[in-house]
Amino acid sequence: MVAMKLGLALAFAASAAAFTAPSRQSIRNAPVMRVEGLIGDLPPFGYFDPLGFSKGKTIDQMVSYREAELKHGRAAMAATLGWIVQPYFHPLAKDCHISHPEDPIQSLYELAPAGKLQIFIFIGFLEFLGLKIKERDDYAAGDLLGASKLVDNTDAGWVDYQQKELSNGRLAMFAIMGFWIQDLLFHKTGDLLFAPMMK
């Protein structure tokens, strides 16, 4: 058992090199892939479009893609936070007749149709609100609260904030997919990677 733990620790340590920052020389020599007019050049990848979705697209099409990315990223960030918090804090579970609040997918199956309808109506309201906000003349993709009126993309702090939101949203989309897959395959919502090594 100790040998297995030591082997896993060495494997993780060896693979940690994959997460180190690339040298400045390799960044300089990397091909420049970007869409002018959009924030999104994020280190270490630069403009990340491995499947080439941005090739031959107009700026309007790319703004539409960016808006969808922001929307999905925000929903994924909320879902990831909810997935982590729900097993420990679920004040409404008993009132909603949910007997397994520690498992979000099981909770969804146990939720009454009226509860599912409420969620559907709330999502529809948010979509309607988003469509109404888009009608503003000064609307910028994903800017639901009108922050682009106060600052523009010449402000380094604002650009940094937008890049962090993109990075966190992208990470959260992968995180929530991982949570779903783990729950569907193993019927466990907790940590299956590191928790067994700590025993």
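Residues numbered from 1 in each chain as written. Predicted model: local features only at pLDDT ≥ 70, side-chain atom pairs only at ≥ 80, totals over all residues. Heavy atoms only, no water.

Draft legend 1. Region of the structure containing the pattern of salt bridges. Counted under the stated rule, the structure contains seven salt bridges. We note a salt bridge from Glu165 to Arg74, for which the minimum N-O separation is 2.6 Å. A residue pair is termed long-range when its members are at least 10 positions apart, and Glu165 in helix H6 (residues 156–186) and Arg74 in helix H3 (residues 59–85) qualify at 91 residues. The exposure class assigned to Glu165 is buried, which follows from its relative accessible area of 15%. Here the salt bridges share partners, and the residues they tie into one network are Arg66, Glu69 and Arg170. (Salt bridge = Lys/Arg side-chain N within 4 Å of Asp/Glu carboxyl O. Helix = DSSP H or I, 4+ residues; strand = E, 2+ residues; numbered from the N terminus. Buried < 20%, exposed > 50% of the residue type's maximum accessible area, 1.4 Å probe, protein only.)

Draft legend 2. Representation of the packing of aromatic side chains. Summed over all chains, the structure comprises two aromatic pairs. On the numbers, 5.8 Å between centres and 15° between planes, the contact of Trp83 with Phe179 is stacked. Taken together, the residues span a long stretch of sequence, with Trp83 in helix H3 and Phe179 in helix H6 at a distance of 96 residues. A relative accessible area of 22% means that Phe179 is categorised as partly exposed. Plain terms: the ring middles of Trp158 and Tyr161 are 5.5 Å apart, the flat faces sit at 15° to each other, and that makes the pair stacked. You can see Trp158 and its partner Tyr161 sitting in helix H6, three residues apart, about one turn around the helix. A residue is classified by how much of its surface remains accessible, and Trp158, at 18% relative accessible area, is buried. (Phe/Tyr/Trp six-rings, centres within 6.5 Å; stacked < 30°, edge-to-face > 60°.)

Draft legend 3. The arrangement of the environment of Gly190 in detail. In this fold, Gly190 is placed in the segment after H6. For Gly190 and Pro87, which are 103 residues apart along the polypeptide, the C-alpha to C-alpha distance reads 9.1 Å.

Draft legend 4. The layout of surface pockets, seen in detail. What the largest pocket holds in volume is close to 1700 Å³. Lining of the largest pocket is provided by 43 residues; of these, Ala78, Ala79, Ile119, Phe122 and Ile123 occupy positions nearest its centre. Of all the secondary structure elements, the ones that give two or more residues to the lining of the largest pocket are H3, helix H4 (104–110), helix H5 (113–134) and H6. The biggest single contributor to the lining of the largest pocket is H5, with 13 residues. Here the residues of the lining of the largest pocket sort into 29 nonpolar, nine polar and five charged. By volume, the second largest pocket amounts to about 880 Å³. Considering the residues around the second largest pocket, the lining is formed by 26 residues, among which Phe48, Pro50, Glu69, Arg170 and Met173 are closest to the centre. Counting only elements with at least two residues in the lining of the second largest pocket, the list comes to strand S2 (46–47), H3 and H6. For the lining of the second largest pocket, the per-class residue count stands at 17 nonpolar, five polar and four charged. (1 Å grid on protein atoms, 1.4 Å probe; cavity = no way out; pocket = protein on both sides within 12 Å on 5 of 7 lines; lining within 4 Å. Points joined across faces, edges and corners; volume = space filled by probe spheres on them. Nonpolar A, V, L, I, M, F, W, Y, C, P; charged D, E, K, R; others polar.)

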